[in-house]
Amino acid sequence: QLASDHAGGKGAIQQIAHYVELAKKQLASHDKVGWELHIVGHSAGSIFAAYAMNLLSSLGIPLKSVQFMAPAIRTDIFKKLLLPGLESGNTPLPSLYVLSDKLERDDSVGPYGKSLLYLVSNAFEGTRGVPILGMKAFIDADKQLAKLFSGSVDGRPALVVSEGIPIDPTKADAAIQQGASVSHSHGGFDNDCATMNSVLVRVLGGKPKRQFTPRDLNY
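What counts, and where the lines are drawn
Residues numbered from 1 in each chain as written. Predicted model: local features only at pLDDT ≥ 70, side-chain atom pairs only at ≥ 80, totals over all residues. Heavy atoms only, no water. Helix = DSSP H or I, 4+ residues; strand = E, 2+ residues; numbered from the N terminus. Rg over C-alpha atoms; globule rule 2.2 N^0.38 Å. Buried < 20%, exposed > 50% of the residue type's maximum accessible area, 1.4 Å probe, protein only. Contact = heavy atoms within 4.5 Å. Areas by Shrake-Rupley, 256 points an atom, 1.4 Å probe, with all protein chains shown as cover. Pairing = 2+ DSSP bridges. Right-handed = clockwise from strand over helix to strand, strands pointing away. Expected span 1.5 Å × (residues − 1). Arc of directions from axis to C-beta. Salt bridge = Lys/Arg side-chain N within 4 Å of Asp/Glu carboxyl O. Phe/Tyr/Trp six-rings, centres within 6.5 Å; stacked < 30°, edge-to-face > 60°. Axes fitted to C-alpha atoms, helices over the stretch in contact; angles between N-to-C directions. Parallel < 35°, antiparallel > 145°, perpendicular 65-115°, else oblique. Left-handed = near helix turned anticlockwise from the far one by under 90°. Nonpolar A, V, L, I, M, F, W, Y, C, P; charged D, E, K, R; others polar.

Observations regarding the overall build of the protein
- What the protein contains, in helices and strands, is 10 helices and six strands.
- By the compact-globule yardstick of 17 Å for 219 residues, the protein fits well, its C-alpha radius of gyration being 18 Å.
- If one aligns the C-alpha atoms of the protein with their principal axes, the spans along those axes are about 55 × 45 × 35 Å.
- Across the 219 residues that make up the protein, the buried fraction comes to 43%.
- Contacts in the protein between residues at least 24 apart in sequence constitute 60% of all its contacts with a sequence separation of at least 6.
- In the structure as shown, the protein presents an accessible area of about 11700 Å², 56% of it carried by carbon and sulfur atoms.

So, in structure tokens, the structure goes:
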């Protein structure tokens with residue numbers, strides 16, 4: 001939150017906004033550059049991005065897409081920070097990539113026998129069972145969120161649920177065009193080719209000239 005709302009104006013997002021304004025002035029004669037902004041956040045990155053959304057959407061650069069992988073943001077904070085922008089049309093509906101509840105339960109964090117988001121929900125928020133946006137069970141249980149993410153973003157499903165089932169290679173391109181993920185764990189989304197290529201497709205509006213390969217994401 002301080003990165004976007006530091007009293008002294010020294011937050012990281014505030015600094016980005018400052019330098020974007022400088023760059024826009026310097027490039028004022030190049031109006032055809034066609035800048036656009038795309039936001040991708042993984043886990044706690046969704047919290048960072050959510051607090052930054054108002055500032056980023058006010059830069060005068062089209063905010064074209066928002067994508068969250070296993071977002072660790074609480075659903076009440078998500079609604080507080082993003083729903084006003086969604087309702088006004090200033091913020092696009094985020095595309096979500098999440099695990100099925102079975103995979104959330106099959107995942108583990110050290111000795112904890114479920115996913116990191118279950119740990120956050122049950123141990124890090126003061127009470128047990130705090131709703132987290134990246135957990136399919138909490139989306140299903142919230143009528144407002146279930147309706148919101150039952151729709152589409154630019155003709156593609158707003159909610160992509162990984163069941164951990166490999167994609168038939170002959171059908172991979174078609175699946176990725178609509179949005180796909182075969183991550184088996186909370187931390188696996190950014191190492192999963194299906195997820196990352198789906199992110200690319202939504203940023204570019206179509207199939208990239210070069211897709212991510214397993215070697216690219218083995219870090």
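Re the environment of Pro 157
- Tracing the backbone shows Pro 157 in strand β5 (residues 156-157).
- Sequence separation of Pro 157 and Ala 137 is 20 residues, and the distance between their C-alpha atoms is 18 Å.

Quick look at the pairing of strand β1 (residues 37-42)
- Bridge analysis of β1 against strand β2 (residues 63-69) gives six bridges, and the strand direction is parallel. Counted as the bridge partner of His 38 is Ser 65 from β2.
- With helix α3 (residues 45-56) bridging β1 and the parallel β2, this β-α-β connection has right-handed handedness.

Overview of helix α2 (residues 12-26)
- For α2, with 15 residues, the first-to-last C-alpha span of 21 Å sits near the 21 Å given by 1.5 Å per residue.
- Of all the residues in α2, the buried ones are Ile 13, Gln 14, Ala 17 and Val 20. The arc that holds every buried residue of α2, seen down its axis, measures 120°, which confines them to one face. Opposite the buried face of α2, at more than 90 degrees from it, the exposed residues are Tyr 19, Lys 25 and Gln 26.

Looking at the pattern of salt bridges
- In this structure the tally under the stated criterion is nine salt bridges.
- Asp 142 is the salt-bridge partner of Lys 79, the closest N and O atoms lying 2.7 Å from each other. Taken together, the positions of Lys 79 in helix α4 (residues 75-88) and Asp 142 in the loop between α7 (136-141) and α8 (143-148) put the pair 63 residues apart, joining distant regions of the chain.
- Put simply, Arg 74, Asp 76 and Glu 125 are held in one network by salt bridges that share partners.

Re the packing of aromatic side chains
- Overall, the coordinates contain one aromatic pair when judged by the stated rule.
- With centroids separated by 6.0 Å and ring planes inclined at 40°, the aromatic side chains of Phe 78 and Phe 149 adopt a geometry described as tilted. With a gap of 71 residues between them, Phe 78 in helix α4 and Phe 149 in the loop between α8 and β4 (152-153) connect regions that are remote in the sequence. The two residues Phe 78 and Phe 149 agree in class, both being buried.

Quick look at the packing of α3 against α4
- α4 packs onto α3 with a crossing angle of 15° between their chain directions and a minimal axis gap of 9 Å. Taken as axis vectors, α3 and α4 run roughly parallel relative to one another. Between α3 and α4 the crossing geometry is left-handed. Residues Ala 50, Tyr 51 and Met 53 of α3 pack against Ile 77, Leu 81 and Leu 82 of α4.
- Taken together, the residues of the contact of α3 with α4 sort by class into six nonpolar, no polar and no charged.

Section: α3
- Among all positions of α3, only Ser 46, Ala 49, Ala 50, Ala 52, Met 53 and Leu 56 are buried.
- Tucked into the core, α3 has its buried residues touching α1 (2-5), α2, β1, β2 and α4.

Description of the sheet that holds strand β3 (residues 95-99)
- Taking strand neighbours across the sheet as the criterion, the four strands line up as β1-β2-β3-β6 in an open arrangement whose pairing is parallel. With one partner strand each, in any of the chains shown, β1 and β6 (159-162) form the two edges of the open sheet. Recorded for the sheet is a direction-independent mean angle of 10° between the axes of neighbouring strands.
- Sheet topology places β2 next to β3; three bridges connect them, and they run parallel. The residue of β3 that forms the bridge with Gln 67 is Ser 95.
- In the packing of helix α10 (residues 193-204) onto the sheet, the strands contacted are β1, β2, β3 and β6, and the crossing angle to β2 comes to about 165°.

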